[in-house]
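These are the residues of each chain, in order.
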Amino acid sequence: MTEMDDLAAAASGTDPETGLRAALALRRLADSLERLQVTNARRQGWSWQAIAAALEVSRQAVHKKYAREL
Amino acid sequence: MFERFTKQARLAVTEAYAAAGELGHRQVGTDHVLLALVREADPATGGALAAAGVDADRVRAAMAGRHRPDRLGAEDEEALRSLGIDLAAVRERVEAAFGPGALDKGTRKARQHFTKDAKKSLELALREAVRLKHRSIGAEDLLLGIIRAEGDGYEVLRDLDVDLAALRRALESGRAA
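Definitions and limits used
The written sequence of each chain sets the order in which its residues are numbered from 1. Chains and ligands are labelled sequentially in the order written, the chains with letters from A and the ligands with numbers from 1. For this predicted model, a pLDDT threshold of at least 70 governs which residues receive local features, and a threshold of 80 or more governs which side-chain atom pairs are given and counted, while totals over whole chains, interfaces and linings are taken from all residues. Secondary structure follows DSSP: runs of H or I at least 4 residues long count as helices, runs of E at least 2 residues long count as strands, and numbering of each begins at the N terminus. With C-beta atoms placed from the backbone, a residue is buried if 20 or more other C-beta atoms are within 10 Å of its own, exposed if 12 or fewer are, and partly exposed between those counts. Whether two residues are in contact depends on their C-beta atoms, placed from the backbone: they are in contact if these lie within 7 Å. Residues are grouped as follows: Ala, Val, Leu, Ile, Met, Phe, Trp, Tyr, Cys and Pro are nonpolar; Asp, Glu, Lys and Arg are charged; every other residue, Gly included, is polar. Given a helix with a known number of residues, its expected span is that number minus one, times 1.5 Å. Between N-to-C directions, angles cover 0 to 180 degrees, with each direction set by a line fitted to C-alpha atoms, over the stretch in contact for helices. Geometric relationships in this document are graded by angle, where less than 35 degrees denotes roughly parallel, more than 145 denotes roughly antiparallel, 65 to 115 denotes roughly perpendicular, and other angles denote oblique. Note: pLDDT gives the predictor's confidence per residue, expressed from 0 to 100. Joining buried Ala, Val, Leu, Ile, Met, Phe, Trp, Tyr and Cys residues through C-beta atoms within 7 Å gives a set, and that set is a nonpolar core. Helix crossings get a hand from a simple test, with the near helix turned counterclockwise from the far one by less than a right angle marking a left-handed crossing and a clockwise turn marking a right-handed one.

Undergrad: Provide a residue-level description of the overall build of chain A, including the pertinent values.
TA: For chain A, the count of helices and strands is 4 helices and 0 strands. Across chain A, helices and strands are ordered from the amino to the carboxyl terminus as α-α-α-α. Here chain A holds 70 residues, and 13% of them are scored as buried.

Right under this line is the structure:
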């Protein structure tokens, strides 16, 4: 592949390497924010049920993910 | 199995976890164990590794890119930019509300664990110890296990152009039972 092709692929977002890396970074950022906000919510006295509802997941899921470390 | 490890071998394993932690790696590979052995100047393996020209700086350099840190780093920042997200701006807003370092504190404090190859290398170390009639599993057995497992640590040694056959011989003749 020529340099021009490389540039075109990166710009149009069809290069899997770039696209997948961006998806990974976004997931890390989302995980980070979620953890921070769950911690904050617990500190403010929110129930696991309320946190789960806000995140649109089951109470079990959020509890399993965070209960042990908070 | 750990009770059969020598004190030095046990230290190498705990130091491998520490080394991975410092580098922000969640996965502890045979390369981290190798780094620990080199860094601690382990008496059983130090001579053979030094003779092969292996030092901590060279190991660390050869390890670069093998493991990805489990926190938001420069690579993430760049990748997010390709989506039009400015990580510095996000960080600034989060820190304004929650204090300095808040975003990184949110990064998962995931428990570290041995890679599959690293687990295999411990099993192979036991086998090496039995074969060499060692009564305990020493650091030299660990290193022989790392070479036999052909994982990250093995690849690092190969990248450093280490004569693996010679290293193996030096390790095998290192201890008399």
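Here the narrative resumes.
Undergrad: Please give an account of the overall build of chain B that cites residues and values.
TA: Helix and strand counts for chain B come out as 11 helices and 2 strands. Classification of the 177 residues of chain B by burial places 39% in the buried group. Excluding contacts between residues fewer than 6 apart, the proportion of contacts in chain B whose partners are at least 24 apart in sequence is 73%.

Undergrad: Outline the interface of chain B and chain A, listing residues and values.
TA: In this complex, chain B contributes 16 residues to the contact, which on the side of chain A involves 13 residues. Where the side of chain B that touches chain A is concerned, the elements lending two or more residues are helix 5 (74-81), helix 6 (87-98) and helix 7 (102-105) of chain B. Along the lines of polarity and charge, the residues of the side of chain B that touches chain A split into 9 nonpolar, 3 polar and 4 charged.

Undergrad: Can you break down helix 2 (residues 16-43) of chain A residue by residue, with the values?
TA: Every α-helix carries 3.6 residues per turn, so stepping three or four residues along brings you back to the same face. All names here are of chain A. Here helix 2 spans 40 Å end to end across 28 residues, near enough to the 40 Å set by a 1.5 Å rise per residue. Among all positions in helix 2, only Ala25, Arg28, Leu29, Ser32, Arg35 and Val38 are buried. Phi turns positive, to about 90 degrees, at Gly45, one or two residues after helix 2.

Undergrad: Got a sec to walk through the packing of helix 3 (residues 48-55) of chain A against helix 4 (residues 59-66) of chain A? Specific residues and values, please.
TA: Residue and element names in this part refer to chain A. Closest axis-to-axis distance for the helix 3/helix 4 pair is 8 Å, and the angle between their directions is 110 degrees. Between helix 3 and helix 4, the interaxial angle falls into the category roughly perpendicular. Of the residues in helix 4, those touching helix 3 at Trp48, Gln49, Ile51, Ala52 and Leu55 are Arg59, Ala61, Val62 and His63. Of the residues belonging to the contact of helix 3 with helix 4, the class tally is 6 nonpolar, 2 polar and 1 charged.

Undergrad: Report on the environment of B:Val162, specifying residues and quantitative values.
TA: All names here are of chain B. One can find Val162 in the loop between helix 10 (152-159) and helix 11 (164-172). Sequence spacing of Val162 and Ala51 is 111 residues, and the spatial spacing of their C-alpha atoms is 9.7 Å. With residues near it in sequence (within four places) discarded, Val162 still touches Ala52, Val54, Leu157 and Leu167.

Undergrad: Mind laying out the confidence of the model for chain A, listing which residues take part and the relevant values?
TA: On average, residues of chain A score 83 in pLDDT, and 81% of them reach the 70 mark or higher. Looking over chain A, one finds the lowest element-wise mean pLDDT in helix 1 (residues 3-12) of chain A, namely 51, and the highest in helix 3 of chain A, namely 96.

Undergrad: Explain the nonpolar core to me, and be specific about the residues and the numbers.
TA: Formed by 41 residues in total, the largest nonpolar core has its most connected members in B:Ala12, B:Val33, B:Leu37 and B:Leu142. Elements supplying a minimum of two residues to this core: helix 1 (7-22), helix 2 (30-39), helix 3 (46-51), helix 4 (56-63), helix 8 (116-131), helix 9 (139-149), helix 10 and helix 11 of chain B. If you tally residues by element for this core, the top one is helix 9 of chain B, at 7 residues. Sequence-distant contacts of B:Leu37, that is, excluding residues within four places in its chain, are made with B:Ala12, B:Asp42, B:Thr45, B:Leu49, B:Ala139 and B:Leu143. Membership of the second largest hydrophobic core comes to 7 residues, among which are A:Leu29, B:Leu72, B:Ala79 and B:Leu80.

Undergrad: Mind laying out unusual backbone geometry, listing which residues take part and the relevant values?
TA: Residue and element names in this part refer to chain B. Positive phi outside glycine occurs at Lys133, with the angle close to 60 degrees. As for its position among the elements, Lys133 is in the loop between helix 8 and helix 9. Even without being glycine, Asp161 reaches a positive phi, approximately 60 degrees. By the element assignment, Asp161 lies in the loop between helix 10 and helix 11. Judged by the 9 C-beta atoms lying within 10 Å of it, Asp161 falls in the exposed class.

Undergrad: Can you tell me about the packing of helix 8 of chain B against helix 9 of chain B, naming the residues and giving the values?
TA: Residue and element names in this part refer to chain B. For the pair helix 8 and helix 9, the least separation of the axes is 7 Å and the interaxial angle reads 125 degrees. Taken together, the axes of helix 8 and helix 9 lie oblique to each other. By crossing handedness, the relation of helix 8 to helix 9 is classed as right-handed. For the pair helix 8 and helix 9, contact is made by Asp117, Lys120, Ser121, Leu122, Leu124, Ala125, Glu128 and Ala129 and by Asp141, Leu142, Leu144, Gly145, Ile146, Arg148 and Ala149, respectively. Of the residues belonging to the contact of helix 8 with helix 9, the class tally is 8 nonpolar, 2 polar and 5 charged.

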